Amino acid sequence: MITKQAQVMVITPHPDDAESGVAGTIVRWVSEGKDVIYVVCTNGDKGTSDINMKSDELVRIREQEQLAAAKLLRVRDVIFLGYPDQALEDTPEFRKEIVRLIRMYKPETVVTADPYRRYLWHRDHRITGQVTLDAIFPYARDVLSYPDLLKQGLHPHKVREVLLWGSEEPNYHSDITDTFDIKLAALRCHKSQVGSNPSTDLEERLRQWAKRMAEGQDFELAEAFHRVEIRR
Ligand SMILES: [Zn+2]
């Protein structure tokens, strides 16, 4: 099986989480020549407060919004797994799907939601993060984990690092001072989530958040992660 490697794989629970969590850093990676791909786990079909919105219409809208944001960030591929919103479970099938993609694209870096955020945290975020960590180690790594994947040419792969957004224990701060405007523009692609009125306070809220993430650093704006390095 020949698939072009992507150095970075972003595994996101819903359309729009990747832009909130890591878009500013993606811009830097792409400018350094790295290929970034998205795996969008759910179709986001519950993400509305519009009582007249139908789920299938929302799925279509959110897919288009996600593709527009990814295009703006020059993300190479977007893979939609299409699980229903609010319905992700830690199942063998979901885990295997993530393992399959990791073995196929062989990322050095995987980015996803921190599953260990306490109290109120979207269940889909918790499960996406947990299943992704399990998929990376040990399932994607071990040769005997999935004999059928091996037969398909999907050999074991060791991810080098995991970056978890939404962490209560950030230990890695990425400077997004110069890429903040593109992050904001990418978030604005998600009109069904952030509204279509450019005069909303999204920019100010995002800037304050990015300033908080940069506290203690020698730059102004950041995205912050808990970084897990995987030793060879
Ligand atoms: Zn989400």
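Residues numbered from 1 in each chain as written. Predicted model: local features only at pLDDT ≥ 70, side-chain atom pairs only at ≥ 80, totals over all residues. Heavy atoms only, no water.

Before going further, it helps to examine the packing of helix α1 (residues 17–31) against helix α6 (residues 180–188). Axis separation between α1 and α6 bottoms out at 8 Å; the angle between their running directions is 135°. Relative to α6, the element α1 lies oblique. α1 and α6 meet at a crossing whose hand is right-handed. Taking contact as the criterion, the partners of Glu19, Ser20, Gly21, Val22, Ala23, Gly24 and Val27 in α1 are, on α6, Ile182, Lys183, Ala186 and Leu187. (Axes fitted to C-alpha atoms, helices over the stretch in contact; angles between N-to-C directions. Helix = DSSP H or I, 4+ residues; strand = E, 2+ residues; numbered from the N terminus. Parallel < 35°, antiparallel > 145°, perpendicular 65-115°, else oblique. Left-handed = near helix turned anticlockwise from the far one by under 90°. Contact = heavy atoms within 4.5 Å.)

Next up on the list: the pattern of salt bridges. According to the stated counting rule, one finds 19 salt bridges in the structure shown. Its salt-bridge partner being Lys46, residue Asp45 comes within 3.0 Å of it at the nearest N-O pair. Accessibility expressed as a relative area gives 38% for Lys46, which makes it partly exposed. (Salt bridge = Lys/Arg side-chain N within 4 Å of Asp/Glu carboxyl O. Buried < 20%, exposed > 50% of the residue type's maximum accessible area, 1.4 Å probe, protein only.)

Both strand β5 (residues 161–165) and strand β7 (residues 222–229) contribute to a ladder of four bridges, which runs antiparallel. Residue pairing for β7: Leu163 is matched across the bridge by Arg227. Where strand β6 (residues 172–175) and β7 come together, four bridges link them in antiparallel fashion. Each residue of the ladder has a partner; that of Asp175, found in β7, is Ala222. (Pairing = 2+ DSSP bridges.)

The next subject is the coordination of the zinc ion. Only His14 (ND1), Asp17 (OD), Asp17 (OD) and His125 (NE2) from the protein coordinate the zinc ion, and they sit 2.1 to 2.5 Å from it. In this structure, the zinc ion is surrounded by four donor atoms whose angles at the metal cover 55 to 139°, and the resulting shape is irregular. (Donors = N, O, S within 2.8 Å, 3.2 Å for Na, K, Ca; no water. Tetrahedral: all angles 85-135°; square planar, octahedral: opposite > 155°, others 65-115°.)

This part takes up the environment of His157. Mapping His157 onto the fold places it in the loop between α5 (147–151) and β5. With 20 residues separating them along the chain, His157 and Phe137 place their C-alpha atoms 9.7 Å apart. Excluding anything up to four places from it in sequence, His157 contacts Ile102, Arg103, Lys106, Pro107, Ala140 and Arg141. Within polar-contact distance, the side chain of His157 engages the backbone oxygen of Pro107 at 2.7 Å. (Polar contact = N/O pair within 3.5 Å; in protein donor to acceptor, adjacent residues only side chain to side chain.)

On to the nonpolar core, then. Met9, Val39, Leu81, Phe94, Ile98, Ile102 and Tyr105 are the most contacted members of the largest nonpolar core, which totals 29 residues. Contributions of two or more residues to this core are made by β1 (8–12), β2 (36–42), β3 (77–83), α3 (92–105), α4 (123–139) and β5. Looking at which element gives the most residues to this core, the answer is α3, with seven residues. Beyond its immediate stretch of four places on either side in the chain, Met9 contacts Ile37, Val39, Leu101, Ile102, Tyr105, Pro107, Thr109, Val110 and Val111. One finds Val30, Ala69, Val75 and Trp165 within the second-largest nonpolar core, a separate group that totals 24 residues. (Core = buried A, V, L, I, M, F, W, Y, C linked by side-chain atoms within 4.5 Å.)

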